[in-house]
Amino acid sequence: MSEQLGKIEKPEAEQFKGGKKLYLVPLIFSGENTPPEYKERCHRYWQQVAEQLASLEEKIGRVNRVYHESISLSGEEGMKLVEKLNQSCYQIAKSKCDNEATFEAFEDRELLEEIIDWERCLLLGFVTVKVASKVSEFYTETSKKRYEFMVSRITETLKDNEAGLLFISEGHRLQFPKDIEVFSIFPPGLDEIHRWLRDEASKKEELKETEEETETGKEEEEETGKEEETETGKETGKEKEEEEEEEKEEEEETEEEPRETEEKK
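Computed from a prediction, not measured in an experiment: that's the story for all the values here.

Reading the values: rules and limits
- Residues numbered from 1 in each chain as written.
- Predicted model: local features only at pLDDT ≥ 70, side-chain atom pairs only at ≥ 80, totals over all residues.
- Heavy atoms only, no water.
- Helix = DSSP H or I, 4+ residues; strand = E, 2+ residues; numbered from the N terminus.
- Buried < 20%, exposed > 50% of the residue type's maximum accessible area, 1.4 Å probe, protein only.
- Contact = heavy atoms within 4.5 Å.
- Areas by Shrake-Rupley, 256 points an atom, 1.4 Å probe, with all protein chains shown as cover.
- Patch = residues over 30% accessible without salt bridge, like charges linked within 9 Å, V, L, I, M, F, W, Y side chains within 5 Å.
- Salt bridge = Lys/Arg side-chain N within 4 Å of Asp/Glu carboxyl O.
- 1 Å grid on protein atoms, 1.4 Å probe; cavity = no way out; pocket = protein on both sides within 12 Å on 5 of 7 lines; lining within 4 Å.
- Points joined across faces, edges and corners; volume = space filled by probe spheres on them.
- Nonpolar A, V, L, I, M, F, W, Y, C, P; charged D, E, K, R; others polar.
- Axes fitted to C-alpha atoms, helices over the stretch in contact; angles between N-to-C directions.
- Parallel < 35°, antiparallel > 145°, perpendicular 65-115°, else oblique.
- Left-handed = near helix turned anticlockwise from the far one by under 90°.
- Lys, Arg positive; Asp, Glu negative; His and termini not counted.
- Charge placed at Lys NZ, Arg CZ, Asp CG, Glu CD.
- Core = buried A, V, L, I, M, F, W, Y, C linked by side-chain atoms within 4.5 Å.

K.L.:
Quick one: what's the story with the overall build of the chain, residue by residue and with numbers?
P.N.:
Helix and strand counts for the chain come out as seven helices and six strands. Overall, the chain shows an N-to-C arrangement of helices and strands of β-α-β-α-β-α-α-β-α-α-β-β-α. Each of the 265 residues in the chain was classed as buried or not, and the buried ones make up 31%. Counting contacts in the chain only where the partners sit at least 6 residues apart, residues at least 24 apart contribute 81% of the total. Approximately 18,000 Å² of the chain is accessible, and the part contributed by carbon and sulfur atoms is 46%.

K.L.:
If you had to explain a nonpolar patch on the surface to someone new, which residues and values would you point to?
P.N.:
A surface patch of nonpolar side chains, amounting to about 210 Å² of accessible area, comprises L122, F126 and V131. Along the chain, V131 turns up in helix α6 (residues 129-157).

K.L.:
Which residues make up the environment of G78, and what are the values?
P.N.:
Inspection of the secondary structure assignment puts G78 in helix α3 (residues 75-85). A relative accessible area of 0% means that G78 is categorised as buried. Along the sequence, G78 and F106 sit 28 residues apart, while their C-alpha atoms lie 9.5 Å from each other. Once residues within four sequence positions are removed from consideration, G78 is found in contact with I71, L73 and F103.

K.L.:
How would you explain the pairing of strand β6 (residues 180-184) if you had to name every residue and give the values?
P.N.:
β6 sits mainly inside the fold: five of its five residues count as buried. Side chains I180, V182 and S184 project from β6 onto one buried face, and the interleaved E181 and F183 project onto a second face that is buried too.

K.L.:
Provide a residue-level description of the layout of surface pockets, including the pertinent values.
P.N.:
Its boundaries defined by the atoms lining it, the largest pocket holds a volume of some 430 Å³. Forming the walls of the largest pocket are 18 residues, and the residues nearest its centre are I115, E119, Y139, R146 and Y147. Looking at the lining of the largest pocket, the elements that each hand over two or more residues are α5 (109-124) and α6. Split by residue class, the lining of the largest pocket holds six nonpolar, six polar and six charged.

K.L.:
Go over the packing of α3 against helix α4 (residues 87-98), please, and point to the residues and values.
P.N.:
Relative orientation of the contacting elements α3 and α4 amounts to 150°, with a least axis distance of 6 Å. Between α3 and α4, the angle falls in the class roughly antiparallel. Classified by chirality, the crossing of α4 by α3 is left-handed. Where α3 approaches α4, its residues M79, V82, E83 and L85 are matched on the opposing element by Q87, C89, Y90, A93, K94 and C97. Residues of the contact of α3 with α4, tallied by class, amount to seven nonpolar, one polar and two charged.

K.L.:
So what about a negative patch on the surface? Which residues, and what values?
P.N.:
Taken together, the side chains of E241, E242, E243, E244, E245, E246, E247 and E249 define an acidic patch exposed on the protein surface. For E243, the position within the fold is in helix α7 (residues 188-264). The exposure class of E243 is partly exposed, given its relative accessible area of 47%.

K.L.:
Give a detailed account of the nonpolar core, specifying residues and quantitative values.
P.N.:
Ranked by size, the top nonpolar core spans 32 residues in total, and within it Y23, V25, I28, Y45, W46, L165 and F167 carry the most contacts. When contributions to this core are tallied by element, the ones reaching two or more residues are β2 (20-26), α2 (36-60), α3, α4, β5 (163-168) and α7. With eight residues, the top contributor of residues to this core is α2. For I28, the contacting residues outside a window of four places in its chain are Y38, C42, Y45, W46, N86, E170, L190 and I193. Core analysis: the second largest hydrophobic core is formed by 13 residues, Y67, M150, L174 and V182 among them.

K.L.:
Account for the pattern of salt bridges, naming residues and giving values.
P.N.:
With the rule as written, the count across this model stands at 18 salt bridges. A salt bridge links R65 to E104; the nearest nitrogen and oxygen atoms lie 2.7 Å apart. Residue R65 is found in strand β3 (residues 65-68), and its partner E104 is found in the loop between β4 (102-103) and α5; the two are separated by 39 residues along the sequence. Side by side, R65 and E104 carry an identical accessibility label, which is buried.

As structure tokens, this is what we get:
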């Protein structure tokens, strides 16, 4: 069962204070070259995550363990990797670890590297259906093993009456055990990011269509121009032939005039 923050009232929250709890936060990234308006939305999103997480801890219990997708190391080594991946996420994770939470290794490095390789293969595309099917099969099999390992890490490390904090990509396929109560943190900023991404995708699609229409128009103009040039060339050629024919007739007439004069003499 997954509860959404904001729907948990104080009386109801009491029943969740015991047992295992997992606070799930969707991972959002922004790089150096991302547009300023996207960076602004990401910043607002992580601020809201921190606020909602603090509220959740107050109602149900503080974070005891921190997990992060793509991190196969624990403790300080794992935290250093998070710092390189996502500064906003790192700040939240660090604040929990500074408050006595433990950063746990979440991934099996071999499975993680294997899934990255299969993803790269899928992105390259294939010539034959047979090879595409085989690679897709390997990817699915590795993904299943990877997700099972992730769940096992939480099951093994998260104790009774503890709360874990998990940073993971949207669309994950983790199946959590029934004895773990999952609380998904979805602040308003996440919807803003989704909406912005959809709008940008639509703009790019419209721009692409406009460019294609413009290119098609240019090609049609060029083709029309060529046809007009050909037609003009034909007309010019015809006019030239007519002029040459007239000149030839004039020359013949000029030659006939002296002959008539001589015959008269």
